[in-house]
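Fold and geometry: a report
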Number of protein chains: 2
Amino acid sequence: MSQEKRIYKPNKIAGFPEWLPEERLVEQKWFDHIRKVFESYGFCNIETPSVEELDVLTAKGEVDKEIYVIERLHKDENDKKEARLALHFDQTVPMARYVAMNFNNLVFPFKRYQMQRVWRGERPQMGRMREFYQCDIDIINVDNLPISFDAEVAAVMYEVLEGLNIGRVQLRINNRKILMGLLESWGFEDYVPVTRAVDKFEKIGKDAVVKLLVDEAKLTTEQVDKVLSLVSIKGTAEDIRAIVPANETMKQGVEELSFVLENLKHLPAHAVVGDLTIVRGLDYYTGTVYETQLLDVPEFTGSVCSGGRYDDLAGSYINKHLPGVGISIGFSRLFDVMRQTRPDLLKIGPKSPAHVMMTVPENESDRPLAYNTARALRKRDIKVEMYHAPKKMGDQLKYASRKLIPYVWLIRDGKHEVKDMTAQTQNTVDPGTWTPKS
Amino acid sequence: MSQEKRIYKPNKIAGFPEWLPEERLVEQKWFDHIRKVFESYGFCNIETPSVEELDVLTAKGEVDKEIYVIERLHKDENDKKEARLALHFDQTVPMARYVAMNFNNLVFPFKRYQMQRVWRGERPQMGRMREFYQCDIDIINVDNLPISFDAEVAAVMYEVLEGLNIGRVQLRINNRKILMGLLESWGFEDYVPVTRAVDKFEKIGKDAVVKLLVDEAKLTTEQVDKVLSLVSIKGTAEDIRAIVPANETMKQGVEELSFVLENLKHLPAHAVVGDLTIVRGLDYYTGTVYETQLLDVPEFTGSVCSGGRYDDLAGSYINKHLPGVGISIGFSRLFDVMRQTRPDLLKIGPKSPAHVMMTVPENESDRPLAYNTARALRKRDIKVEMYHAPKKMGDQLKYASRKLIPYVWLIRDGKHEVKDMTAQTQNTVDPGTWTPKS
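In what follows, the accompanying structure is described. (Residues numbered from 1 in each chain as written. Chains lettered and ligands numbered in written order. Predicted model: local features only at pLDDT ≥ 70, side-chain atom pairs only at ≥ 80, totals over all residues. Heavy atoms only, no water.)

It is worth spelling out the overall build of chain A at this point. From N to C terminus, chain A includes 15 helices and 17 strands. The principal-axis extents of the C-alpha atoms in chain A amount to approximately 90 × 65 × 45 Å. Counting every position in chain A, which comprises 438 residues, the buried fraction comes to 58%. Sequence-distant contacts in chain A: of pairs separated by 6 or more residues, those separated by 24 or more amount to 69%. On chain A, roughly 19100 Å² of surface is accessible, and the fraction owed to carbon and sulfur atoms is 49%. (Helix = DSSP H or I, 4+ residues; strand = E, 2+ residues; numbered from the N terminus. Buried < 20%, exposed > 50% of the residue type's maximum accessible area, 1.4 Å probe, protein only. Contact = heavy atoms within 4.5 Å. Areas by Shrake-Rupley, 256 points an atom, 1.4 Å probe, with all protein chains shown as cover.)

Bringing the relation of the copies chain B and chain A into the picture now. Each copy superposes on the other: chain B lies on chain A with an RMSD of 0.1 Å after a rotation of 180° and an axial shift of 0.0 Å. In short, the pair behaves as if placed about a two-fold rotation axis. Of every C-alpha in chain B, the one belonging to B:Ile70 sits nearest the axis of rotation, 2.2 Å from it. The residues that chain B uses at the interface reappear at the interface of chain A in 100% of cases, marking a shared surface. (Least-squares fit on C-alpha atoms with pLDDT ≥ 70 in both.)

What follows covers the packing of aromatic side chains. This structure, assessed with the given rule, holds 34 aromatic pairs over all chains. For the ring pair A:Trp19 and A:Phe335, a centre distance of 5.5 Å and an interplane angle of 55° mean the geometry is tilted. Note that A:Trp19 is positioned in the segment before α1 (21-40) and A:Phe335 in helix α12 (residues 331-341), a separation of 316 residues in sequence. Between B:Tyr284 and B:Tyr310, the ring centres sit 6.1 Å apart and the planes meet at 75°, which makes this aromatic pair edge-to-face. Separated by 26 residues along the polypeptide, B:Tyr284 in the loop between β9 (272-275) and β10 (285-294) and B:Tyr310 in strand β11 (residues 305-310) bring together distant segments of the chain. With a relative accessible area of 31%, B:Tyr284 lands in the partly exposed category. For B:Tyr310, a relative accessible area of 3% corresponds to the buried category. Cluster of aromatic residues (ring-pair linked, three or more members): A:Trp19, A:Trp30, A:Phe31, A:Tyr133, A:Phe331 and A:Phe335. Here B:Lys60 stacks its cationic end above the ring of B:Tyr284, 5.6 Å away from the centre of that ring. (Phe/Tyr/Trp six-rings, centres within 6.5 Å; stacked < 30°, edge-to-face > 60°. Lys NZ or Arg CZ within 6 Å of the ring centre and 35° of its normal.)

A pair can form between side chains of opposite charge whenever their charged atoms are brought close. Per the stated rule, a full pass over the model turns up 80 salt bridges over all chains. With a shortest N-O distance of 3.8 Å, A:Lys437 and A:Asp420 are connected by a salt bridge. Taken together, the residues span a long stretch of sequence, with A:Lys437 in the segment after β17 (425-428) and A:Asp420 in strand β16 (residues 415-420) at a distance of 17 residues. Exposure remark for A:Asp420: the relative accessible area of 12% places this residue in the buried category. Members of the salt-bridge network, linked through shared partners, are A:Arg72, A:Asp76, A:Asp79, A:Glu82, B:Arg123 and B:Arg130. (Salt bridge = Lys/Arg side-chain N within 4 Å of Asp/Glu carboxyl O.)

Another aspect to go through is the side chain of B:Gln170. Residues and elements named next belong to chain B. Its location among the elements puts Gln170 in strand β7 (residues 169-175). A distance of 3.1 Å separates a polar atom in the side chain of Gln170 from the backbone oxygen of His270. Contact partners of Gln170, with chain neighbours within four places excluded, come to His270, Ala271, Val273, Glu291, Thr292, Gln293 and Leu295. (Polar contact = N/O pair within 3.5 Å; in protein donor to acceptor, adjacent residues only side chain to side chain.)

The next thing to look at is empty space enclosed by the protein. Throughout the structure, instances matching the rule amount to six cavities of 30 Å³ or more. In this structure, the largest cavity spans a volume of roughly 700 Å³. Taken together, 30 residues form the lining of the largest cavity, with A:Glu47, A:Tyr133, B:Glu47, B:Met115 and B:Tyr133 sitting closest to its centre. When residues of the lining of the largest cavity are traced back to their parent elements, those giving at least two are α1 and β5 (110-119) of chain A together with α1 (21-40) and β5 (110-119) of chain B. By volume, the second largest cavity amounts to about 230 Å³. As for the second largest cavity, its lining consists of 16 residues, of which A:Tyr371, A:Met386, B:Ser148, B:Ala151 and B:Glu152 are closest to the centre. Within the residue set of the lining of the second largest cavity, elements represented by two or more residues are α14 (367-379) of chain A together with α5 (148-162) of chain B. Here the lining of the second largest cavity takes five residues from α5(B), the largest share from any one element. (1 Å grid on protein atoms, 1.4 Å probe; cavity = no way out; pocket = protein on both sides within 12 Å on 5 of 7 lines; lining within 4 Å. Points joined across faces, edges and corners; volume = space filled by probe spheres on them.)

What follows deals with the interface of chain B and chain A. Between chain B and chain A, the contact holds 104 residues from the first and 104 residues from the second. Regarding the contact of chain B and chain A, the summed buried area is about 9300 Å², with carbon and sulfur atoms giving 52% of it. Connecting chain B to chain A are 58 residue pairs in polar contact (both at pLDDT 80 or more). No other element matches α1(B), which puts eight residues into the side of chain B that touches chain A. For the side of chain B that touches chain A, a count of residues per class yields 46 nonpolar, 20 polar and 38 charged. As judged from the five bridges shared by strand β3 (residues 68-72) of chain A and strand β3 (residues 68-72) of chain B, these two strands associate in the antiparallel manner. (Buried area = accessible area lost by both parts, 1.4 Å probe. Nonpolar A, V, L, I, M, F, W, Y, C, P; charged D, E, K, R; others polar. Pairing = 2+ DSSP bridges.)

All we've got here are geometric facts, nothing functional implied.
Pasting the structure below:
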């Protein structure tokens, strides 16, 4: 029965990554590890729909990220009666909306983690991803949120990153109240031009920042000097505590930052640093701010994991005061950079999750034993792929070898042998007790 | 600092479900179980982007599911140069496209599982979901696919469903070649009107099916009787083998179906039945077809898990012959029906994944020990939420109780006690060896 086939050759869609099975296996290990650490601190998981009402996404005003809207291909009159829907561009807005809508069913402080895809309509030629995973933790409370959480989210994220085998990681932490307090003491109400300028320090260099501080933020030369000397401070809780505050706001910032650093002293020396250049571009942070650097992977530029404290996140959707603190990993970019530049660390391996490939025995009479053994091994949490047809042992072994399955199980005349595909050794085994080396 | 707040009250978006943290915890357990079973048989995971080129989704012709297209909110000239993108409506088309594009990097037979969200632009008033999870397994091979896989995917899905605590599950299996062969022997080339009529048996009843077979499929009364007597066959491998084939196609169907049933004899008696009424509406199945019934949850109507064998799936995207067999769980609908109608089986519980809540000790001098103990317990895979502020023990216990965290840890003068919140007992413990009852 021959048939004329029409073939449509699909194209790669720029900005929408997908991985091979062996890459996905490593990605799954990353997700499992992250989830395990999040949950070990009692963060619960939520998932929100991929879409929100467009009005929810823009409730705080113009969004600086490009949004994708969705529409039914065959629209009719009914579509006009429905709210316009758009794919979420982060997990913070959806979480705020979720907290507002489920306020009475949540226990506060609400500690949640979220690991979903987000979408941004970036120009693909910029090499940016248009669909990617983020892994976020946030804690939200009613009216007041203890400062101990600012230390906790940092500790959690350090433990997450430290377990991903991406070399040494450094959290750089600041508190915006320090700089805000200084500006306040000079009578400035709008601190945004100053934080925006300082935020660019590493990118544009000192001279350009000075120019911005004078031209845009309208600081005097003396004030510029004081700002620069303040933001040059880097160090431990003790170094931060040495800062002489100009007013109450600045004092609070110094106290909060030194408290947070103090509470992270159980981490290795390189893990955490107080760094007053970290101010974050976003306007809504009001206290602690975080950025993270990979010390051993220069291929990864910028911050792999950032966040901070905000005074009132869900206030656009509910008439409550809900302060929060949170931190977010740009998961897919990190994974992709490691995948492309550091296969030595990522260790892409098998194309199958199986520990063992069970061969189809050469004697038909051994076949039921092969199936039963496979089932018994699975009950002991050993993953067993059954070979699919009676074929020469050489062909069966070749399949296991191409998939990099570490062990092959052979049965002959009721006797069990296991071949270690890495060591290329073969031994008689007891099927009731054998376990794979992990 | 008072501020005029503008509040936008968000609306529930019909068809886009989201769950409370305690519901999500159960959903996660379901996903973990499903993944564990899939992997225990050596299926690897893949994820594809949420979108495909619209031309990929429609490559086989008009799609009977309503598609969502995505567009940047602020379009410009460049958008016109790019392919139109749409959210995938199932995981089969994306898998076929993936196999075609990555053909040279995959090892065949390619066994993959996929658990992603899919989107359909259903009218929300029909109570259907517009965003939901599917859990699929498929095996694809080049040119020939051994029939043993048709038994394997059924065994895997039975094990999956059996572990979800949704009562007894029955897989109903047929082979389309049996009915196709009979029709062929009468000179019919187009068997679709017949399978479409038979597929409606349970919904519209015998008389209506007879009418369809005569009026639409143009069968004689004698032929109708033979078809009805054939599709009334239900039973074991032996019952199927008793069918007298009218030609080679029918003989193949009988052999394949009895082979599959034979290979599922290790499952409980109720688990599998050969059932010739199962023909599936979809046209592309060419052999084995599956449906699944929940025997103890009448609230769930229809098939929870369906699939079958197809001769050539990726042929729209690559010039290869790639037969496959696969089966798919409509995950979110199953979870939602169980959630709404059978809380007795679903057992929604804690609002936190934590095993233990560590209290903040009343004596400041015990505090470092509390933090260190929490860290040590986490190292032993015990999930510990640290209470966030020094407060009265009563308040701390109340928080654990509201979240249904099963154990509370108390430290006083260097001594450790654990309160079992269910049994309401409190005992001195050794922090190095204590473990929660699961």
